[in-house]
Amino acid sequence: MKILCRGKSLSLICGALSWLRDFEQKKQEEEERLLEAGADPLNNGKDQAPCPPPSCQQSPGSPRATGEPDWVTQFVQKKEERDLVDRLKEGQVRRKKREERLRQIRHNASLKFAAKRMRQEDEETERLLRLSRAMLAAGTGPEQLACGEDELVLAEYESDEERVSASGVDVDEDDLEEEHVTKIYYCSRTHSQLAQFVHEVQKSPFGKDTRLVSLGSRQNLCVNEDVRKLGSVQLINDRCVELQRSKHEKKSVAEEEKPGRRRRLEPRATCPFYSHKQLQLLRDEVLLEVKDIEQLVALGKEARACPYYGSRFAIPAAQLVVLPYQILLHAAARQAAGIRLQGQVVVIDEAHNLIDTITGIHSVEVSGSQLCQAHSQLLQYTERYGKRLKAKNLMYIKQILYVLEKFVTVLGGNVKQSPNTQSLSQAGTELKTVSDFLFQSQIDNINLFKVKRYCEKSMVSRKLFGFTERYGAVLAPSREQPKLSGFQHFLQSLQPGVTAAPAAPAEEGEDRAPRPASPLMHIEGFLAALTTANQDGRVILSRQGSLSQSSLKFLLLNPAVHFAQVVKECRAVVLAGGTMQPVSDFREQLLACAGVEAERVVEFSCGHVIPADNILPLVICSGPSNQQLEFTYQKRELPQMMDETGRILCNLCNVVPGGVVCFFPSYAYQRQVHAHWDKSGLLARLAVRKKIFQEPQRVNQVEQVLLEYSRCIQHCGQAGGMVTGALMFSVVGGKMSEGINFSDNLGRCVVMVGMPFPSIRSAELQEKMAYLDQTLPRAPGQVPPGKALVENLCMKAVNQSIGRAIRHQKDFASIVLLDQRYARPPILAKLPAWIRDRVQVKATFGPAFAALRKFHREKSGSS
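Residues numbered from 1 in each chain as written. Predicted model: local features only at pLDDT ≥ 70, side-chain atom pairs only at ≥ 80, totals over all residues. Heavy atoms only, no water.

Per an unreviewed UniProt entry, the protein chain goes by DEAD/H-box helicase 11 and derives from Phocoena sinus. Quoted verbatim from the Subcellular location (unreviewed entry) heading of the UniProt record, the comment on the protein chain is "Nucleus". UniProt annotates the protein chain under Cofactor (unreviewed entry) with the comment "[4Fe-4S] cluster". (UniProt positions renumbered as here; feature names shortened; annotations may be inferred.)

Okay, structure coming up:
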């Protein structure tokens, strides 16, 4: 289902939650009917096998058509009915318990204060225990006691709660788990979009009665400062898992302690925020009211409970789960989060980039520098701890070392030399199938599935990172010092822009910026990608002069293989977006390849809320001097083409009030045009009517530029004068082509310079085109699938960019497409319907300028 409308979030919320409410009501009515039927005294309590009916008595053992006697079939059927009734009763009891628990928390504030007081008591007890231990440690040891005096000394005390906790009988994860109810999974691309959606739910009629859970990564939800300061996502994940593992190991440590026997294993540090009692409270608080990520983190800090795990324990009972793309679309992430899609509804918002997102999530690139660094670290780790490792550990480590060495060799390098100083004899890009790459690398005889599993279970990358982090503080024999110093010097040489320095103690580096994750962590993802089916991916060998700049990249060609499981398990999948055209990519590349029958796909498109005369889409085929507008790679850099574009903009800025947003195909072309106009004087002519702004390439500068742009337009509108607004130079696919609203005076005209086709010279794009031509059927009279992909990529980018204007019902704007190729029927068909139905194609500039001047004169006068 494709929804194409403004204000789609509210439409999705109301529609989906209305369906869910009706579904739950019907399900409850059906359960009550079955329970009433199961409570019938004539049928209730008959556990014994029924006597065979008279017909069966006359001919014992007479089979039915199924091969079973009638009385056996009746017995099985009644047993299934009784089991169903029992399950319904259990579900009803659980539901009532949950509702009663949430009702008490909602209406009984004393429960919250009691929980807070309990946390404070626990913290005070822990503080006093630390002081007591410190006093004991500072003493000279216990005094000698006289004979029989030991009976007067207090024995080691352990409270009931501590004894229960130490024995591991405390509330377990199983007690936190509930049965999964029917729910809606809503996912979008960024956390800010998800937060905006949550706020819409809060304002909707369903805000007070919906059990909503917001999911995020550990990086977003972790409240343990010692873990957060690690910085890297992978390091935070691994450290968190290690702390949970340590918590479970405490049980085995306690069991191993026996009277008269020294403890063999000291318990390691555990996370203070992973308390089952507090997690249970946090879970109920999450379900009680709708909260976004920031509110969830604040609640976790107050409750001293982990929001990451607390939100996951709330998933089963939730009605609406809000999560980012990465969690839903990656099978391992779904499993780790405890997401079950069977029979559920999935809504994917901002789905115009869904195919690219799935491809990006499952594509991995590793550099030659990372490969060399991982090999050197692992080799030094083995030399230091090799005698302590078991045979299987050594076997797998040697396999990993061999694989890393072969990866470097296939790029043309040598692991024994620094990658920065190695120049490759041949440069260029080479594409291989997975099997061909493994054969060329000479690792086709290694079971990568086993190596991948070993890396996951042994956490070797985490151990390796800890080894390199502590290296400066390791007390090694003097004979090893030169080797270790050389290793550290080599590691520092791999960091670009960093000069080698003597090893510093670990304490001195604690306040520095967090180091990046171990390169082996990243390489593990590449190894996992190589276990993908041979026909669904390719390996790109990119050799770029030096080994450090070269890389290996796994490119996923068939995103449907990862989307198929989502479609197969779910009750329904909704792909929603404000601008989804062209939709053929979704039907052919994603849904059809995922095994979805054509009759299951329902397309639904809403018209725009604005009146027909509030928008003026124009296709201009030639400029004021009759220069034909066709911004191909060969023609767009011609001086006359850039001059004609500048003259068109000068004319537009004379009649368009407020803000004008002009999109260029790339940053390089925008800089080239800007420099040409500056040299020719066109930039100065533009500045007479509009103050000129450029989209910054740094993300942290976007907000400041937009603020200055907005202030300029507001000031010009109030002050009057020659300068009537501002002109923003933006880039298609850049930071302002998606998610930014140029509403009202901020975007009275959007100009698209040329058609932003992707580079056909890209090896990745060529391979993708060839793959689609081979796998997708080609209908008679239609362009090849590969060529259609290029057109669709271009038009999706165009539609996203021109959709930045017209953001509400009373808004108005003109849309100017500068390229005669937009006039072709196949290209026009890929525009959104609300623009396509109103577009005017102008062969010459005069009529186009007249229509534009009339439109803005009428709209500015009426507003």
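After that view, the rundown keeps rolling.
Attention shifts here to the nonpolar core. Core analysis: the biggest nonpolar cluster contains 65 residues, and Leu323, Ile339, Ile348, Leu354, Phe563 and Leu575 have the highest contact counts within it. Listed in part, the 44 residues of the second largest apolar core include Ile397, Leu404, Ala529 and Phe554. (Core = buried A, V, L, I, M, F, W, Y, C linked by side-chain atoms within 4.5 Å. Buried < 20%, exposed > 50% of the residue type's maximum accessible area, 1.4 Å probe, protein only.)

This model, assessed by the stated rule, comprises three cavities of 30 Å³ or more. In this structure, the largest cavity encloses a volume near 100 Å³. Taken together, 14 residues line the largest cavity, and the ones lying closest to its centre are Cys222, Asn224, Cys240, Cys271 and Cys306. The element contributing the most residues to the lining of the largest cavity is helix H10 (residues 233-256), with three residues. As for the second largest cavity, its lining consists of Leu12, Ile13, Ala16, Leu17, Ile184, Tyr186, Phe197, Leu320 and Val347. Within the residue set of the lining of the second largest cavity, elements represented by two or more residues are helix H1 (8-38) and strand S2 (184-188). Considering each element in turn, the lining of the second largest cavity owes the most residues, four residues, to H1. (1 Å grid on protein atoms, 1.4 Å probe; cavity = no way out; pocket = protein on both sides within 12 Å on 5 of 7 lines; lining within 4 Å. Points joined across faces, edges and corners; volume = space filled by probe spheres on them. Helix = DSSP H or I, 4+ residues; strand = E, 2+ residues; numbered from the N terminus.)

On to the environment of glycine 725, then. Among the structural elements, glycine 725 can be located in strand S14 (residues 725-731). Of the residues examined, glycine 725 reaches a relative accessible area of 0% and is grouped as buried. A C-alpha to C-alpha distance of 9.8 Å links glycine 725 and alanine 687, two positions 38 residues apart in sequence. The contacts of glycine 725, once residues within four sequence positions are left out, are Gly658, Arg689, Lys690, Lys691, Cys712, Ile713 and Cys716. (Contact = heavy atoms within 4.5 Å.)

With that settled, the discussion passes to helix H23 (residues 519-529). Most of H23 is tucked away: eight of the 11 residues are buried. Among all positions of H23, only Pro519, Leu520, Met521, Ile523, Glu524, Phe526, Leu527 and Ala529 are buried.

Below, the discussion takes up the pairing of strand S13 (residues 690-694). Across five bridges, S13 lies against S14 in parallel orientation. The residue of S14 that forms the bridge with isoleucine 692 is leucine 727. Traced from S13 through helix H29 (residues 702-719) to S14, the parallel crossover comes out right-handed. (Pairing = 2+ DSSP bridges. Right-handed = clockwise from strand over helix to strand, strands pointing away.)

Attention now goes to the packing of helix H17 (residues 368-385) against helix H21 (residues 460-469). Look at H17 against H21: their axes get within 10 Å of each other, and the N-to-C directions meet at 80 degrees. On the basis of their axis angle, the class for H17 and H21 is roughly perpendicular. Residue-level contacts link Ala374, Gln377, Leu378, Gln380, Tyr381, Arg384 and Tyr385 of H17 to Val460, Lys463, Leu464, Phe467 and Thr468 of H21. Counted by class, the contact of H17 with H21 contains seven nonpolar, three polar and two charged residues. (Axes fitted to C-alpha atoms, helices over the stretch in contact; angles between N-to-C directions. Parallel < 35°, antiparallel > 145°, perpendicular 65-115°, else oblique. Nonpolar A, V, L, I, M, F, W, Y, C, P; charged D, E, K, R; others polar.)

Moving on: the pattern of salt bridges. One pass over the full model with this rule turns up 14 salt bridges. As a salt-bridge pair, lysine 553 and glutamate 764 come within 3.0 Å of each other at their nearest N and O atoms. Note that lysine 553 is positioned in strand S9 (residues 546-556) and glutamate 764 in helix H30 (residues 763-775), a separation of 211 residues in sequence. Close ionic contact of aspartate 811 with arginine 748 constitutes a salt bridge, the shortest N to O distance being 3.0 Å. Separated by 63 residues along the polypeptide, aspartate 811 in the loop between helix H31 (785-802) and strand S16 (813-818) and arginine 748 in the loop between S14 and strand S15 (749-753) bring together distant segments of the chain. Note on arginine 748: relative accessible area 7%, which makes it buried. (Salt bridge = Lys/Arg side-chain N within 4 Å of Asp/Glu carboxyl O.)

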